[in-house]
Amino acid sequence: MKNKTLLVTGGAGFIGANFVHYWMRNHANDKVIVLDALTYAGNRANLDAVADNANFRFVHGDICDTVLVESLLREESVDTLVHFAAESHVDRSITGPDAFIETNIIGTYSLLKAAKKVWIDEGLNKEGHRFHHVSTDEVYGTLGPKDPAFTEDTAYAPNSPYSASKAASDHLVRAYHHTYGLNITTSNCSNNYGPYHFPEKLIPLVLTNILHDKALPIYGDGQQIRDWLYVEDHARGIELVLEKGQVGENYNIGGHNEWANIDIVNEICRLMNKAFATRPVLAEKYPEAKAATAGKAESLITYVADRAGHDRRYAIDARKTNAELGYKPYESFESGIAKTIEWYLSNDTWWKAVMDGSYLNWLTQQYGKPEE
Ligand code: NAD
Ligand code: DAU
């Protein structure tokens with residue numbers, strides 16, 4: 001297969017960084033350029049493992065900067081754009097939707113304009129290009145307990161400013177294919193978990209709060225359901241869409257792994273209690289983690305006010321992706337959560353820096369000022 005040159009937007013975030021690691025391990029001869037604005041969620045350290053690779057380049061910049069994107073597509077002869085960059089946290093979209101409209105809608109539009117101009121209008125890669133858009137199951141809205149899982153044909157019904165902004169971007173991507181012939185694919189994935197997950201999201205928040213002996217906030221009655229997938233299995237799904245997916249199509253990616261929030265939090269508490277019980281060194285490393293050391297991490301669970309407009313249930317039907325692309329997640333929840341817990345127990349430098357707000361100082365110490 002011909003070597004590719006990928007432009008990965010948002011590659012310093014949670015899923016983007018995991019995707020870059022996965023891709024560079026499995027496609028050693030491809031070139032990967034990450035374009036990331038390094039918002040609060042973006043972290044240069046997430047890319048340390050590939051930073052010295054000659055086939056890797058980091059560009060600190062904004063996807064809304066269409067001229068920058070055009071010049072990267074031209075000067076690097078990019079053939080594949082994988083678009084992760086977004087504002088991704090639902091709670092933040094409720095308190096401050098502006099950034100979501102700007103990045104998720106205007107930013108995606110900026111990328112589409114640049115891709116059309118360089119690849120189609122200037123004819124630099126009229127046939128062989130691919131614009132892959134990373135979307136979410138949240139665009140399909142919410143499910144009742146007995147409803148069938150979302151398929152690619154489920155009508156869009158986004159409920160939060162975040163999911164509405166993602167839905168708008170999905171529609172723009174679709175329109176650029178239909179109207180201008182841009183070679184697009186879109187994937188809609190369920191909730192991811194794994195290494196480098198920013199500790200504002202449920203699973204890393206619970207893990208790091210247990211280690212700090214802080215409350216584990218459960219919104220509402222805790223019976224909302226999410227469908228969890230290990231992040232590398234998302235990367236593998238995107239790889240299959242890039243390699244075998246039909247241009248113009250949407251593909252659902254998910255692991256058939258629904259959990260009520262309270263159940264997943266209790267399960268993480270059980271696993272953390274077990275880790276502390278079997279490895280006394282953890283109590284020494286994490287002296288604050290008093291509840292876990294006493295085998296009672298679940299005592300930290302605290303019910304709090306519900307999220308406004310909280311979607312009750314998400315579930316992904318990935319049968320099309322399974323049948324057409326041969327997609328199958330590798331990790332069970334048991335193996336994926338065990339890897340995730342180990343990663344957080346071993347990478348306290350990473351999450352402490354992110355959580356105590358010293359990340360920017362730490363970044364400057366590690367790298368100097370972010371490069372252009
Ligand atoms: P994240 O918040 O961890 O990372 C987002 C990244 O985008 C950060 O590195 C940030 O610096 C960068 N970014 C933000 N605005 C930018 C801009 N204007 N220009 C350039 N870079 C910018 O997000 P994530 O959880 O890794 O999600 C990545 C993508 O996957 C998003 O599009 C999200 O909608 C989608 N998705 C996420 C999940 C999930 O469970 N996290 C599930 C399905 C789909
Ligand atoms: O479904 C895919 C989506 O999953 C992605 O598109 C989003 O980018 C990603 O953030 C995620 O959205 P959620 O809102 O489902 O994830 P979050 O981790 O914020 O919350 C998971 C569930 O846990 C949700 O029902 C809200 C609840 N929750 C969350 C937090 C942070 C709590 O009960 N307490 C909390 O403190």
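Residues numbered from 1 in each chain as written. Chains lettered and ligands numbered in written order. Predicted model: local features only at pLDDT ≥ 70, side-chain atom pairs only at ≥ 80, totals over all residues. Heavy atoms only, no water.

(A) Representation of the site of ligand 2 within the structure. Near ligand 2 lie 22 residues; those nearest to it are Asp137, Tyr162, Asn191, Arg307 and His310. In the environment of ligand 2, an oxygen atom lies 2.8 Å from a nitrogen or oxygen atom belonging to the side chain of Arg226. Note that an oxygen atom of ligand 2 is positioned 2.7 Å from one of the side-chain N or O atoms of His310. Expressed as a share of its isolated accessible area of 690 Å², the protein-covered part of ligand 2 is 94%. At the level of secondary structure, the elements contributing two or more residues to the shell around ligand 2 comprise α6 (202-212) and β8 (216-219). For the shell around ligand 2, the element with the highest residue contribution is β8, accounting for three residues. Here the residues of the shell around ligand 2 are counted per class, giving eight nonpolar, eight polar and six charged. (Near = heavy atom within 4 Å. Polar contact = N/O pair within 3.5 Å; in protein donor to acceptor, adjacent residues only side chain to side chain. Areas by Shrake-Rupley, 256 points an atom, 1.4 Å probe, with all protein chains shown as cover. Helix = DSSP H or I, 4+ residues; strand = E, 2+ residues; numbered from the N terminus. Nonpolar A, V, L, I, M, F, W, Y, C, P; charged D, E, K, R; others polar.)

(B) Local environment of the site of ligand 1. Ligand 1 sits among 28 residues. The nearest are Ile15, Asp36, Ser88, Tyr162 and Lys166. Here a nitrogen atom of ligand 1 and a backbone polar atom of Ile63 are 3.0 Å apart. Protein chains bury 96% of the 850 Å² of accessible surface belonging to ligand 1 in isolation. Among the elements of the structure, α1 (14-26), β5 (130-136), α5 (161-180) and β7 (191-193) are those that each provide at least two residues to the shell around ligand 1. A per-element tally of the shell around ligand 1 places β5 first, with three residues. Along the lines of polarity and charge, the residues of the shell around ligand 1 split into 13 nonpolar, twelve polar and three charged.

(C) Spatial organisation of the sheet that holds β7. The strand order across the open sheet built from three strands is β7-β9-β11, with neighbouring strands paired in mixed fashion. Every other strand in the sheet has two partners, leaving β7 and β11 (258-260) as the edge strands with one partner each. Looking at each pair of strands side by side, their axes are set apart by 50° on average, direction ignored. Of the pairings in the sheet, the one linking β7 to strand β9 (residues 225-230) comprises three bridges and is parallel in character. Residue pairing across strands places Asn191 opposite Trp228, the latter belonging to β9. (Pairing = 2+ DSSP bridges. Axes fitted to C-alpha atoms, helices over the stretch in contact; angles between N-to-C directions.)

(D) Layout of the sheet that holds strand β2 (residues 31-36). An order of β3-β2-β1-β4-β5-β6-β10 is seen for the seven strands of this open sheet, with the pairing classed as parallel. At either margin of the open sheet sits one strand with a lone partner, and together these are β3 (56-60) and β10 (250-253). Across the sheet, the mean angle from the axis of one strand to that of its neighbour is 20°, orientation sign disregarded. Here four bridges tie strand β6 (residues 184-189) to β10, and the two strands are oriented parallel to one another. When the sheet's bridge partners are listed, Ser187 is paired in β10 with Tyr251. Helix α7 (residues 231-244) rests against β4 (80-83), β5, β6 and β10 of the sheet, and its axis sits at about 145° to β5. (Contact = heavy atoms within 4.5 Å.)

(E) Seen up close, the nonpolar core. The biggest cluster of nonpolar side chains holds 39 residues, and the ones touching the most others in it are Ile210 and Met272. Among the secondary structure elements, those contributing two or more residues to this core are α6, β8, β9, α8 (261-278), α10 (290-293), α12 (333-346) and α13 (348-355). For this core, the element with the most residues is α8, which contributes nine residues. The contacts of Ile210, once residues within four sequence positions are left out, are Leu216, Ile268, Cys269, Met272, Ala289, Ala292, Ala297 and Leu300. Counting 30 residues, the second-largest nonpolar core is a separate cluster that includes Met24, Val32, Val241 and Leu242. (Core = buried A, V, L, I, M, F, W, Y, C linked by side-chain atoms within 4.5 Å. Buried < 20%, exposed > 50% of the residue type's maximum accessible area, 1.4 Å probe, protein only.)

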